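In case you want the letters, here they are:
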Amino acid sequence: MRPVAVIGIGKTAFGAFPDRDLRSLAVEAGLKCLEDAHVKPSQVEAFYLGNFAGPSFVGQNHLAPYIAGAMDITGVPCTRFEAACASSGSAFFHAVSAVGAGLYDVVLVGGVEKMTSQPTPKVTEILAGAGDMCGEGRAGATFPALFAMIARRHMYQYGTTREMLAAVAVKNHANGAKNPQAHMRKVITMEQALGGKPIADPLTVYDCSLISDGAAAVLLVPLERATEFTDKPVRVLGIAQTSDQVALDQKEDITTFKAVKEAAQRAYKMAGVTANDIQFAEVHGCFTIAEIVASEDLGFVKKGEGGPYALQGCTALNGPRPINTSGGLKSKGHPVGATGVAQICDVVAQIRGEAGERQLQRHSIGLAQNLGGSGATAVVTILGAAA
Amino acid sequence: MSGTIYTETLIYAAPEQFVNDAPYQLAIVTLEDGRRLTARIAEKSGGRVQIGDKVELAEYRDGIPFFRKV
């Protein structure tokens, strides 16, 4: 496979935008990305779009050509990818594969979700459809409930505490407060995080990611052509997408995501690095427990040590391995179909040195981890400065 | 049908069709043959459950298995 580079990024702010429709969000991110990459719509050879549930949330199907056409991108393959909350991570994986294989040179990858036009119980029901609707979903499981059951088991097996979960929320809100594009720019205290309204015990509202509207986009070219467009290309060093059973009750050990572990090992191997080489990461913290499990599955710490790692501040902006400097899904927001590509944008911004107040000192190699459902799809990407 | 509670949660924020049931307890039960099943807990007849509790099938309601503490 030939090396692939990210040469452009573009994101909308994440939030609740009652006067914005799905297409306008996706188009805003796409055009920002094209401008950043110095690429004209007519140069784009394929459009890959991640979107979880546009048809359910806003009643619109056939989304990829619908959005591409509004950007004056026509005549080329335009395809939507659905893999629950890993929809745009999956779109990105397949776009990298196509550019790497030599099918195309200039490819736009987008992700979008418009969630806030539905009331919360309806959103909860639509999201539950990413689980097994003949089993757990039929019995009344919600996504917070599935991750609450993971948290309960993690607490039981490893002694993880409510304080450790809350520490993840406090840290992510501190980061998000410094991110001008974050949905909830609000610092919270440990007391607040521990006293939140219960959602699915032991998870409270402060353990759960936000229901957001938003879009993100990145532009890919083969590395050999990157300098035609930009003087700050970022290379895709390693990437893998893996899968597992959809139903949580079909997984042998629910305190780990097997698909994430496998994707990480494959991506590390492809990049020729180990977990120790990763300086910072954007991980899929849809719930506080998910960030703790991710730090274990990615090999940053041993199994069961993710809770103390967070509580001790190791993942904070000034810690040894910052996680979710964007504020993560908790504070930046989680328009589910946009999240995977937004994570790539956030890692690329750090590598380019464009993260503003959140800019890290060590920023030459970063990782993005995107999770679908309760671990049935995983995408792990390792990005590094190309020069 | 009986088994052991592998994990559980108490759901406060329910999906649209179960809003009137909330809060309700949901669990993954490890059955005697090792298979796992997601089920509701019949709290009225047996109370709430914790990891490790022994449970048995109380009834099916609309196709949903309800287990209760033994």
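Small disclaimer: the values here were computed from a predicted structure and weren't measured. Throughout, a residue's number is its position along its own chain's written sequence, starting from 1. Chains and ligands are labelled sequentially in the order written, the chains with letters from A and the ligands with numbers from 1. Only residues with pLDDT of 70 or above have their local features reported here, since the model is predicted, and side-chain atom pairs are shown and tallied only from 80 upward, although totals for entire chains, interfaces and linings are computed over all residues.

### Concerning the overall build of chain A
Argument step 1. Counting from the N terminus, the helices are DSSP H or I runs at least four residues long and the strands are E runs at least two residues long. When helices and strands are tallied, chain A shows 13 helices and eleven strands.
Argument step 2. Only C-alpha atoms enter the radius of gyration; for comparison, a globular chain is expected to reach 2.2 Å times N to the power 0.38, where N is the number of residues. At 19 Å, chain A has a C-alpha radius of gyration in line with the 21 Å of a compact globule built from 387 residues.
Argument step 3. Structurally, chain A occupies a C-alpha span of about 55 × 45 × 35 Å along its principal axes.
Argument step 4. Remark: C-beta atoms are placed from the backbone, and a residue is labelled buried if 20 or more other C-beta atoms sit within 10 Å of its own, exposed if 12 or fewer do, or partly exposed between those counts. Across the 387 residues of chain A, 63% fall into the buried class.

### Considerations on the interface of chain B and chain A
Argument step 1. Taken residue by residue, the interface counts 25 residues in chain B and 26 residues in chain A.
Argument step 2. Secondary structure elements with two or more residues in the side of chain B that touches chain A: β1 (2-11), β2 (24-31) and β3 (36-41) of chain B.
Argument step 3. In this structure, strand β5 (residues 198-201) of chain A lies alongside β1(B), joined through two bridges in antiparallel fashion. When the sheet's bridge partners are listed, Asp201(A) is paired in β1(B) with Leu10(B). Contact criterion: two residues are in contact if their C-beta atoms, reconstructed from the backbone, are within 7 Å. Two strands form a pair only when DSSP identifies at least two bridges running between them.

### A few points about the sheet that holds strand β9 (residues 280-282) of chain A
Residues and elements named next belong to chain A.
Argument step 1. Across the sheet, nine strands lie side by side as β3-β2-β4-β7-β1-β8-β11-β10-β9; this open sheet has mixed pairing. Because the sheet does not close on itself, it has two edges, and the strands there are β3 (78-81) and β9. Taken over all neighbouring pairs, the strand axes of this sheet differ in orientation by 25° on average, direction set aside.
Argument step 2. Summarising the sheet, β9 and strand β10 (residues 365-372) pair through three bridges and their orientation is parallel. Among the inter-strand pairings, Phe280 is bridged to a residue of β10, identified as Gly366.
Argument step 3. Note on geometry: axes are C-alpha line fits, over the in-contact stretch for helices, and angles between N-to-C directions span 0 to 180 degrees. With respect to the sheet, helix α13 (residues 339-352) is in contact with β1 (4-11), β2 (46-50), β4 (107-114), β7 (213-222), β8 (234-243), β9, β10 and β11 (377-385), its orientation differing from that of β10 by roughly 170°.

### Structural notes on the packing of helix α4 (residues 87-101) of chain A against α13(A)
Residue and element names in this part refer to chain A.
Argument step 1. In the contact formed by α4 and α13, the axes pass within 5 Å of each other and the chain directions differ by 65°. Looking at the two axes, α4 sits roughly perpendicular to α13. Along its contact with α4, which presents Ser87, Ser88, Gly89 and Phe92, the element α13 presents Thr339, Gly340, Val341 and Ile344.
Argument step 2. Side-chain classes follow a simple rule in which Ala, Val, Leu, Ile, Met, Phe, Trp, Tyr, Cys and Pro form the nonpolar group, Asp, Glu, Lys and Arg form the charged group, and the remainder, Gly included, forms the polar group. Of the residues belonging to the contact of α4 with α13, the class tally is three nonpolar, five polar and no charged. Here roughly perpendicular refers to angles of 65 to 115 degrees, roughly parallel to angles under 35, roughly antiparallel to angles over 145, and oblique to all remaining angles.

### Observations concerning the nonpolar core
Residue and element names in this part refer to chain A.
Argument step 1. Ranked by size, the top nonpolar core spans 158 residues in total, and within it Val6, Val109, Phe147, Val218 and Leu220 carry the most contacts.
Argument step 2. Among the elements that make up this core, the one with the highest residue count is helix α6 (residues 143-158) (nine residues).
Argument step 3. Mapped onto the domain boundaries, this core takes at least three residues apiece from domain 1 (4-119 + 211-233) and domain 2 (140-206 + 235-385). Connectivity within a nonpolar core runs through C-beta atoms within 7 Å, and the core itself is a set of buried Ala, Val, Leu, Ile, Met, Phe, Trp, Tyr and Cys residues. Note that domain bounds follow an automatic or database assignment of domains.

### A few points about the domain arrangement of chain A
Residue and element names in this part refer to chain A.
Argument step 1. Looking at chain A, the domain boundaries give domain 1 (4-119 + 211-233) and domain 2 (140-206 + 235-385).
Argument step 2. Measuring from the centre of the C-alpha atoms in domain 1 to the corresponding centre in domain 2 gives 22 Å.
Argument step 3. Facing the 38 residues of domain 1 at the interface are 34 residues of domain 2.
Argument step 4. Sort the elements by how many residues they give to the side of domain 1 that touches domain 2 and α4 lands first, with seven residues.

### Focus: the confidence of the model for chain B
One rule of thumb: low pLDDT means the predicted coordinates there are not for detailed reading.
Argument step 1. The predictor attaches a confidence to each residue, and that confidence, scored 0 to 100, is pLDDT. Averaged over chain B, the pLDDT score is 95; the fraction of residues at 70 or greater is 100%.
Argument step 2. For this predicted complex, the interface confidence reaches an ipTM of 0.98, while the overall pTM sits at 0.98.

### So, α6(A)
All names here are of chain A.
Argument step 1. What a helix is expected to span follows from its residue count: subtract one and scale by 1.5 Å. Its 16 residues place the ends of α6 22 Å apart at the C-alpha level, agreeing with the 22 Å of an ideal helix rising 1.5 Å per residue.
Argument step 2. Counting buried positions along α6 yields 13 of 16 residues, so the element is predominantly enclosed.
Argument step 3. Where α6 terminates, the next one or two residues include Gly159, which has phi positive at roughly 75°.

### Some thoughts on the pairing of β7(A)
Residues and elements named next belong to chain A.
Argument step 1. In terms of burial, β7 is largely enclosed, as nine of its ten residues are buried.
Argument step 2. Bridge analysis of β1 against β7 gives seven bridges, and the strand direction is antiparallel. Paired with Ile9 across the strands is Val218, a residue of β7.
Argument step 3. Sheet topology note: the β4/β7 ladder contains eight bridges and is antiparallel. Across the sheet, the residue bridging to Glu113 is Gly214, located in β7.

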